[in-house]
Amino acid sequence: TPLIGVVSYFDDRDEAPAVSRVIMTTKEFEALKVGAPREEVEQEHGVGSDNGQDIPEPAGLECSYYEARGSGARADAFQLCFAGGKLAQTNRIDVAGGGSGGGGFD
């Protein structure tokens, strides 16, 4: 059974949660198959966050973000991009080093 979690944190400017994140393990990310229906991906892993940090997105794709967790996580977040209701592309987002994606996930 996949582990799905939502983490909320408080922004010091207000008392409401600023962001909720859906957590995905490296093992779950690596098991994703391009072409899988979006509905199936979201049912199994939850609905990812929107791009709130100006992370570059591939043209014509709609992307969601999942916080990376687990042993062997080589990224801070996972970017899942969809087109036509199917998973079209996956990327690892490295925030600290400004790696792939070149943006932040804060």
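Quick note: structure is the one above.
Because the structure is a prediction, the values reported are computed rather than measured. (Residues numbered from 1 in each chain as written. Predicted model: local features only at pLDDT ≥ 70, side-chain atom pairs only at ≥ 80, totals over all residues. Heavy atoms only, no water.)

Another point: the state of the cysteines. Across all of its chains, the model carries one disulfide by this definition. Across the disulfide from Cys-63 sits Cys-81; the S-S distance is 2.1 Å. Here the disulfide of Cys-63 and Cys-81 is right-handed, its torsion about the S-S bond being about 100 degrees. Placement of the pair is Cys-63 in strand β3 (residues 62-69) and Cys-81 in strand β4 (residues 77-83), with a sequence separation of 18 residues. (Disulfide = S-S within 2.5 Å. Helix = DSSP H or I, 4+ residues; strand = E, 2+ residues; numbered from the N terminus.)

As enumerated under the stated definition, the model contains four salt bridges in all. Among the ionic pairs, Arg-38 bridges to Glu-42, the shortest N-O distance being 2.9 Å. Note that Arg-38 and Glu-42 are positioned in helix α2 (residues 38-45) at a spacing of four residues, about one turn of the helix. For Arg-38, a relative accessible area of 18% puts it in the buried group. By sharing partners, the salt bridges in this structure join Arg-38, Glu-42 and Glu-62 into a single network. (Salt bridge = Lys/Arg side-chain N within 4 Å of Asp/Glu carboxyl O. Buried < 20%, exposed > 50% of the residue type's maximum accessible area, 1.4 Å probe, protein only.)

All we've got here are geometric facts, nothing functional implied.
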